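This is what each chain is made of:
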Amino acid sequence: MAIYTKTGDKGTTSLFTGERVKKYNTRVETYGTFDECNAQISVAEKYCLREENRELLRWVQNRMFILDGEIASSDPDKFYGKSDRIEEPDVKKMEDVIDKYIAKLPELHEFILPGSSLAGAHLHLARTVCRRAERLLTKISEDITFRPQVLQYANRLSDFLYILARDEDEADRQTKICDEVVRRYQQAVSKH
């Protein structure tokens, strides 16, 4: 089966509901930017040191397909009949993770450079793509009505990615400290 359909050769694409629009349509730009964010999250997940973070990112990626579907639907009723939707528990889960991680991470008193670890750097990149997607979503929501949970989810997602980036940077820092302690110990033992 070919992956190309040739239906976009004239510069149009289909929304979830089948309506053809220009590929530069703001709705397409918005869900395409969330798709870009999702791809970046996939890269970040591969570098995460903590299994819990990898699991959380895989959960987010699956929910983002639903977010994209809802944004790509000109008739929400048709979408809701075929898919789950982003709901309050999705937003709450991200808030709970954010609160849990803030409580365990060292307190910050200044701005930080984005990502001292590979995972952290990729998560910060995903966060910035998410913010761009959220700006696009906010812009089109002036003309298109979206459920409040969609806007809340998009807003929490960047905070969620930020806190996971901080956690991965902290995990990397702790790993480096442990490695250095072991190296010094082995060096001291080898002298005796």
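Counting restarts for each chain: residues are numbered from 1 in the order of the written sequence. pLDDT decides what is reported in this predicted model: residues at 70 or higher carry local features, side-chain atom pairs at 80 or more are listed and counted, and totals for whole chains, interfaces and linings draw on all residues regardless. Only hydrogens and water are set aside; all other atoms, that is, all heavy atoms of the structure, feed into the side-chain values.

Digging into the overall build of the protein chain
Right, so step 1: Scanning the protein chain for helices and strands turns up 6 helices and 2 strands.
Right, so step 2: Going along the chain from the N terminus, every DSSP run of H or I of four or more residues is numbered as a helix, and every run of E of two or more is numbered as a strand. Overall, the protein chain shows an N-to-C arrangement of helices and strands of β-β-α-α-α-α-α-α.
Right, so step 3: Across the 192 residues that make up the protein chain, the buried fraction comes to 40%.
Right, so step 4: Any two residues whose heavy atoms approach within 4.5 Å are treated as being in contact. The long-range fraction of contacts in the protein chain, counting pairs at least 24 apart against all pairs at least 6 apart in sequence, stands at 74%. Between buried and exposed lies partly exposed: a residue is buried under 20% and exposed over 50% of the maximum accessible area for its type, with that area taken using a 1.4 Å probe on protein chains only.

A few points about a nonpolar patch on the surface
Right, so step 1: On the surface, Val43, Tyr47 and Leu118 cluster together into a nonpolar patch covering about 270 Å² of accessible area.
Right, so step 2: With respect to the secondary-structure elements, Val43 resides in helix H1 (residues 26-47). To count toward a patch, a residue needs a relative accessible area over 30% and no salt bridge; like charges are then connected within 9 Å, while nonpolar side chains (Val, Leu, Ile, Met, Phe, Trp, Tyr) are connected within 5 Å. Working definition of accessibility: Shrake-Rupley area with a 1.4 Å probe, residue cover restricted to the visible protein chains. By definition, a salt bridge exists where a carboxyl oxygen of Asp or Glu is found within 4 Å of a side-chain nitrogen of Lys or Arg.

Some words on the pattern of salt bridges
Right, so step 1: Under the counting rule described, the total for this entry stands at 17 salt bridges.
Right, so step 2: Note that Glu52 is salt-bridged to Lys100, the shortest N-O span being 2.7 Å. Here the residue Glu52 occupies a position in helix H2 (residues 51-71), and Lys100 occupies one in helix H4 (residues 88-104), the gap between them amounting to 48 residues.
Right, so step 3: For Glu52, a relative accessible area of 36% puts it in the partly exposed group.
Right, so step 4: Overall, Lys100 belongs to the partly exposed group, its relative accessible area being 44%.
Right, so step 5: Note that Glu134 and Arg131 form a salt bridge whose closest N and O atoms lie 2.9 Å from each other. With a gap of 3 residues between them, Glu134 and Arg131 both fall in helix H5 (residues 118-140), about one helical turn apart.

Concerning H2
Right, so step 1: To estimate the expected span of a helix, count its residues, drop one, and scale the result by 1.5 Å. For H2, with 21 residues, the first-to-last C-alpha span of 30 Å sits near the 30 Å given by 1.5 Å per residue.
Right, so step 2: Counted residue by residue, H2 has 15 buried out of 21 residues, so it is predominantly covered.

Description of H1
Right, so step 1: The end-to-end C-alpha distance of H1, which contains 22 residues, comes to 32 Å, matching closely the 32 Å that a straight helix rising 1.5 Å per residue would cover.
Right, so step 2: Taken together, the buried positions of H1 are occupied by Arg27, Val28, Thr30, Tyr31, Thr33, Phe34, Cys37, Asn38, Gln40, Ile41, Ala44 and Glu45.
Right, so step 3: Definition of a polar contact: a pair of N or O atoms within 3.5 Å, with one able to donate and the other able to accept a hydrogen when the atoms are protein atoms, and with sequence-neighbouring residues admitted only if both atoms are side-chain atoms. With a side-chain oxygen lying 2.7 Å from the backbone nitrogen of Arg27, the N-terminal cap of H1 falls on Asn25.

It is worth stressing that arrangement in space is one thing and function is another; only the former is reported here.
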